Amino acid sequence: MAAIRNADDMTQDARDEFAQTARAHLIQPWPVAGEIGAEARGGIVSGDGIYVTDIEGRRLIDGPAGMWCTNVGHGCEPIARTLYEQAMALSYNSPWYTASEPSVRLSQRLAAHAPGDLNHVFYTTGGSSAVETALRFMQFTNNVLGRPDKKMIVARQGGYHGSTYLSASLNGRPRDHDWMDSAGELVIKVACPNPFRRPAGLSVEAFCDQLVEEFRGAIETHGADRIGAFVAEPIMASGGVIVPPDGYLARMRALCAQHDILFIADEVVTAFGRLGHVFASKDVFGIEPDIITFAKGVTSGYFPLGGAMISSRLLERLRQSNHSEAMFAHGLTYSSHPIGCAVAQTNLDLLEGGLLAQTRVNAPYFQAQLKTLEDLPLVGEVRGLGLMACVECVADRQSNNPLALDLEVGKRIDAHCQQLGLLVRPLIHMCVMSPPLSISRPQIDDLVAILRQGIALTQDELVREGLWKG
């Protein structure tokens, strides 16, 4: 099959061949058993700014920015030049024996942006490996400090932290574990901090108190001497863009500090501009974690790169231990990849050069325009922060019950929106929006107008099929 550069050049025979080849050879993420290795998903041919063009030739607003990651947009020439120039200068070096100039320079820049004393970075290939690194670092630290039982990890229902064995074990969505093994014996799950789903009659403030007390109770029940880390996304992304109650993260951080439990902020989605800052932990939520994990927006998806920012205090504690010979036997072939680190620096140039400021200016408008969708009967809540938002559909607003709906309602909305010119991230009964940071206000208007029409068409469809009374 010849390389596809332009959808306009594709005949129907070429599109058919694309689908047939995918079904014959490609296994894509998160397949179901009945289709694994035999499915063809929608083809994307090219991208430009906030738009992508699919194999049918339709120009679509990239509502999810790929997978929360294409922050500077598609077809960015400065990043494309960096990819080429760094590949020609140094395409790879082994991080076991050497260091590259891009990795050293990027480390310095990231430390300048990170809160508190998070002055050191361990590079990985993405978000899952970044979270895995943070967890293995916690385990290593407690082994070196003579605390081999302090290994349990507290995570939240509804959270998502990755697809590697340890990181996936933290995931708090039931379908993530229905058919997959995990290290569940290491994980303590506490409640999702979702104000929309709080118990009836409970104020948001009282709900926050309840969440904090639940964590305090988990520490008392399991013992602080057995809990090594608390891992939290500042905003739960794949869980439905859950913005926690005010003060929640700061209070959870205080409990961690009190009991020598590492607070790991999973900023794989919220970092690098999604909330208008390079890191959101302190600038948005007022906390200084022990570790911050990142990926996605660090290169705007142009090259696989992730990492963990680690506190100087933690490293100094290791250096002063009685086991100077203890080895952190963890690393990846592509750790500190010179091309990825060079791309990340150009990406930072663009963020610092105006995109962060533009995001902070446009975010309130983005949230306000999406909030207007709450006048649609199918919409229970629109929530978000920065340039990330979720539209949650419900069967009725009295119970806020999604279960009486067709649970594929998000996919229905996405299908209608694609016909109208918008890609949506469907999550069961929810639709997520996290467009490139370069989106303009007129483009936000276009996005919201298409999404409104897609939801309205879905409403009509559900009524016709007898799945919803409206």
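Refer to the structure presented above.
Residues numbered from 1 in each chain as written. Predicted model: local features only at pLDDT ≥ 70, side-chain atom pairs only at ≥ 80, totals over all residues. Heavy atoms only, no water.

1. A few points about the overall build of the chain
1) Next: Each helix and strand counted, the chain has 13 helices and 15 strands in total.
2) Next: Taking 2.2 N^0.38 as the reference for a compact globule, 470 residues should give roughly 23 Å; the C-alpha atoms of the chain span a radius of gyration of 23 Å, in line with that estimate.
3) Next: Seen through its C-alpha atoms, the chain measures out along the principal axes to roughly 70 × 60 × 45 Å.
4) Next: By the burial criterion, 53% of the 470 residues in the chain qualify as buried.
5) Next: Pairs at least 24 residues apart make up 70% of the contacts formed inside the chain by residues separated by at least 6 positions.
6) Next: Distance between charge centres in the chain, computed from 40 positive and 52 negative side chains, equals 3 Å. (Helix = DSSP H or I, 4+ residues; strand = E, 2+ residues; numbered from the N terminus. Rg over C-alpha atoms; globule rule 2.2 N^0.38 Å. Buried < 20%, exposed > 50% of the residue type's maximum accessible area, 1.4 Å probe, protein only. Contact = heavy atoms within 4.5 Å. Lys, Arg positive; Asp, Glu negative; His and termini not counted. Charge placed at Lys NZ, Arg CZ, Asp CG, Glu CD.)

2. Remarks on the nonpolar core
A general feature of soluble globular proteins is that nonpolar side chains tend to end up buried together.
1) Next: Phe230, Phe272, Phe279, Leu370 and Leu451 are the most contacted members of the largest nonpolar core, which totals 93 residues.
2) Next: Setting aside residues up to four positions removed in sequence, Phe279 forms contacts with Leu110, His113, Ala114, Pro115, Glu267, Ala271, Phe272, Ile292, Phe294 and Met309. (Core = buried A, V, L, I, M, F, W, Y, C linked by side-chain atoms within 4.5 Å.)

3. Quick look at the environment of Ala326
1) Next: Structurally, the position occupied by Ala326 is in the loop between helix 10 (312-319) and helix 11 (338-371).
2) Next: Ala326 gets classed as partly exposed once you look at its relative accessible area, which sits at 32%.
3) Next: Once the C-alpha coordinates of Ala326 and Thr141 are considered, the two residues, 185 residues apart in sequence, prove to be 9.7 Å apart.
4) Next: Setting aside residues no more than four positions away along its own chain, Ala326 makes contact with Phe140 and Val144.

4. With respect to the environment of Asn401
1) Next: Structurally, the position occupied by Asn401 is in the loop between strand 12 (388-393) and helix 12 (409-420).
2) Next: With 77 residues separating them in the primary sequence, Asn401 and Ser324 have C-alpha atoms 56 Å apart.
3) Next: Once you skip the residues sitting within four places of it in the chain, Asn401 turns out to touch Arg197, Val394, Ala395 and Asp396.

5. So, the pairing of strand 2 (residues 51-54)
1) Next: Burial along strand 2 is two-sided: Tyr51 and Thr53 facing one way and Val52 and Asp54 facing the other are all buried.
2) Next: With four bridges joining them, strand 1 (residues 44-48) and strand 2 adopt antiparallel strand pairing. Pairing of Ile44 across the sheet is with Asp54, part of strand 2.
3) Next: The turn joining strand 1 and strand 2, which pair antiparallel and follow one another in sequence, is formed by two residues; a positive phi near 65° is taken by Gly49.
4) Next: Strand direction decides the pairing type here: strand 2 and strand 3 (residues 59-62), joined by three bridges, are antiparallel. The partner of Tyr51 across the bridge, within strand 3, is Ile61.
5) Next: Where strand 2 hands over to strand 3, the hairpin turn is made up of four residues, of which Gly57 adopts a positive phi near 90°. (Pairing = 2+ DSSP bridges.)

6. Examining the layout of surface pockets
1) Next: Its volume calculated, the second largest pocket comes out at about 570 Å³.
2) Next: Forming the boundary of the second largest pocket are 25 residues, of which Gly158, Pro174, Gly239, His429 and Met430 lie nearest the centre.
3) Next: In terms of residue class, the lining of the second largest pocket is built from eleven nonpolar, eight polar and six charged. (1 Å grid on protein atoms, 1.4 Å probe; cavity = no way out; pocket = protein on both sides within 12 Å on 5 of 7 lines; lining within 4 Å. Points joined across faces, edges and corners; volume = space filled by probe spheres on them. Nonpolar A, V, L, I, M, F, W, Y, C, P; charged D, E, K, R; others polar.)

7. Some remarks on the sheet that holds strand 6 (residues 187-190)
1) Next: Taken in spatial order, the seven strands of this open sheet run 4-10-9-8-7-5-6, and their pairing is mixed. What marks the edges here is a single partner per strand, and that holds for strand 4 (120-124) and strand 6. For this sheet the average axis-to-axis angle between neighbouring strands, irrespective of direction, equals 20°.
2) Next: The sheet contact formed by strand 9 (residues 291-294) and strand 10 (residues 306-310) spans four bridges and is antiparallel. (Axes fitted to C-alpha atoms, helices over the stretch in contact; angles between N-to-C directions.)

8. Quick look at the packing of helix 7 (residues 204-222) against helix 8 (residues 248-258)
1) Next: The N-to-C vectors of helix 7 and helix 8 enclose an angle of 20°; their axes lie 10 Å apart at closest approach. Here helix 8 runs roughly parallel to helix 7, going by the angle between their axes. Every pair of crossing elements has a handedness; the one defined by helix 7 and helix 8 is right-handed. Note on element contacts: helix 8 touches helix 7 through Tyr248, Arg251, Met252, Leu255 and Cys256, opposite Cys208, Asp209, Leu211, Val212, Phe215, Arg216 and Ile219. (Parallel < 35°, antiparallel > 145°, perpendicular 65-115°, else oblique. Left-handed = near helix turned anticlockwise from the far one by under 90°.)

9. What about the side chain of Arg274?
1) Next: As for its placement among the helices and strands, Arg274 is situated in the loop between strand 8 (262-266) and helix 9 (281-285).
2) Next: Lacking a salt bridge, the buried Arg274 has Asp62 as its closest oppositely charged neighbour, with an N-O distance of 8.6 Å.
3) Next: Of note is the side chain of Arg274, whose polar atom sits 2.8 Å from the side chain of Asn71.
4) Next: For Arg274, the side chain forms a polar contact with the main-chain oxygen of Ser434, separated by 3.2 Å.
5) Next: The contact partners of Arg274, leaving out residues within four places of it in the chain, are Ala65, Trp68, Asn71, Val269, Thr359, Leu385, Gly386, Leu387, Met388, Ser434, Pro435 and Leu437. (Salt bridge = Lys/Arg side-chain N within 4 Å of Asp/Glu carboxyl O. Polar contact = N/O pair within 3.5 Å; in protein donor to acceptor, adjacent residues only side chain to side chain.)

10. Some words on empty space enclosed by the protein
1) Next: Scanning the entire structure with this criterion turns up one cavity of 30 Å³ or more.
2) Next: Surrounding the largest cavity, Met138, Thr141, Asn142, Arg147, Gly228, Asp260, Leu262 and Arg317 form its lining.
3) Next: Per-element tally for the lining of the largest cavity: the top contributor is helix 5 (residues 127-144), with three residues.
4) Next: Across the lining of the largest cavity, the residue classes tally to two nonpolar, three polar and three charged.

11. Concerning the packing of helix 5 against helix 10
1) Next: The geometry of helix 5 relative to helix 10 is characterised by a closest axis approach of 10 Å and an angle of 35° between their N-to-C directions. Helix 10 is crossed by helix 5, and the crossing has left-handed handedness. Only Leu314, Leu315, Arg317 and Leu318 of helix 10 make contact with helix 5, whose side of the interface consists of Phe137, Phe140, Thr141 and Val144.
2) Next: Residues of the contact of helix 5 with helix 10, tallied by class, amount to six nonpolar, one polar and one charged.

12. Remarks on the pairing of strand 10
1) Next: By the criterion of burial, strand 10 is predominantly enclosed, with five of the five residues buried.
2) Next: Judged by which residues are buried, strand 10 turns out to be covered on both faces: Gly306, Ala308 and Ile310 on one side and Gly307 and Met309 on the other are all buried.
3) Next: Across five bridges, strand 4 lies against strand 10 in antiparallel orientation. Counted as the bridge partner of Thr124 is Gly306 from strand 10.

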